[in-house]
Amino acid sequence: MEQALAALDGTGFSGAERMDAVVLLAGHVRGIAQQARAAGPAGNPEAQLSVTLGELMQAHGEHYPALTAALASATQHGGQDQALEFGLQRILDGLGLLIAQRSN
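Residues numbered from 1 in each chain as written. Predicted model: local features only at pLDDT ≥ 70, side-chain atom pairs only at ≥ 80, totals over all residues. Heavy atoms only, no water.

## Brief notes about the overall build of the protein
When you go through the protein residue by residue, the secondary structure sums to 5 helices and 0 strands. In terms of C-alpha radius of gyration, the protein reaches 18 Å, well past the compact-globule figure of 13 Å for 104 residues. Judged by the C-alpha coordinates and their principal axes, the protein covers about 55 × 35 × 20 Å. A burial count over the protein gives 14% of its 104 residues as buried. Sequence separation of at least 24 residues holds for 53% of the intrachain contacts in the protein that already meet a minimum separation of 6. Carbon and sulfur atoms form 60% of the exposed surface of the protein, whose accessible area is close to 7400 Å². (Helix = DSSP H or I, 4+ residues; strand = E, 2+ residues; numbered from the N terminus. Rg over C-alpha atoms; globule rule 2.2 N^0.38 Å. Buried < 20%, exposed > 50% of the residue type's maximum accessible area, 1.4 Å probe, protein only. Contact = heavy atoms within 4.5 Å. Areas by Shrake-Rupley, 256 points an atom, 1.4 Å probe, with all protein chains shown as cover.)

Pasting the structure below:
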């Protein structure tokens, strides 16, 4: 926490905002880690979810067109197992935008 807070020095964030940013980042990482742990020794929670969703979509996919399309696109174009990196990038993009706005 010390290093993360120190990394936010000079951003214009208040102490409370720096703490909130660190908690936000830690919460995202913790959430992904909990999903991985819940997957058990087999690991790869996204693959397990894909199998389960695939079975459900075969039986009920006509009721969930947006989900069916997203799953098909992910399968066709790749991009699975990137929730950690994607989330971190979006969080950091948002923090970077706030820092830039305050420096103007």
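What follows picks up the thread again.
## What to know about the pattern of salt bridges
Side-chain pairing between opposite charges can occur once the charged atoms of the two side chains come close. Overall, the coordinates contain 3 salt bridges when judged by the stated rule. Across the salt bridge formed by Arg102 and Glu17, the nearest N and O atoms sit 2.6 Å from each other. Residue Arg102 is located in helix α5 (residues 83-103), and its partner Glu17 is located in helix α2 (residues 15-38); the two are separated by 85 residues in the primary sequence. Judged by relative accessible area, which is 26%, Glu17 ranks as partly exposed. With a shortest N-O distance of 2.8 Å, Asp93 and Arg90 are connected by a salt bridge. With Asp93 and Arg90 both in helix α5 and 3 residues apart, the pair spans about one turn of that helix. Residue classification places Asp93 among the partly exposed residues on the basis of a relative accessible area of 45%. (Salt bridge = Lys/Arg side-chain N within 4 Å of Asp/Glu carboxyl O.)

## A closer look at the nonpolar core
What tends to happen in soluble globular proteins is that the nonpolar side chains get buried as a cluster. If you look at the biggest cluster of nonpolar residues, it comprises 7 residues: Leu5, Leu8, Phe13, Ala21, Val22, Ile91 and Leu95. Mapped by element, the contributors of at least two residues to this core are α2 and α5. Among residues more than four places away in sequence, those in contact with Ala21 are Leu8 and Leu95. (Core = buried A, V, L, I, M, F, W, Y, C linked by side-chain atoms within 4.5 Å.)

## Looking at the environment of Asp81
Note that Asp81 resides in the loop between α4 (65-77) and α5. Taking the relative accessible area as the measure of exposure, Asp81 reaches 47% and is therefore partly exposed. For the pair Asp81 and Thr52, spaced 29 residues apart in sequence, the C-alpha to C-alpha distance is 15 Å. Aside from chain neighbours lying at most four places away, what touches Asp81 is Asn44, Glu46 and Ala47.

## Some thoughts on α5
Helix length check: α5, at 21 residues, gives a terminal C-alpha distance of 30 Å against a target of 30 Å (1.5 Å per residue), a fit within 8%. Residues of α5 that are buried include every one of Gly87, Ile91 and Leu95, and no others. Taken down its axis, α5 places every buried residue within 60° of arc, on the same side. Looking at α5, the residues exposed on the side facing more than 90 degrees away from the buried face are Phe86, Leu97 and Ser103. (Expected span 1.5 Å × (residues − 1). Arc of directions from axis to C-beta.)

## What about the confidence of the model for the protein?
Within the protein, residue pLDDT values average 89, and 99% of them lie at 70 or more. Mean pLDDT values over the elements of the protein span from 83, in helix α3 (residues 45-60), up to 96, in helix α1 (residues 2-7). (pLDDT = per-residue confidence, 0-100.)

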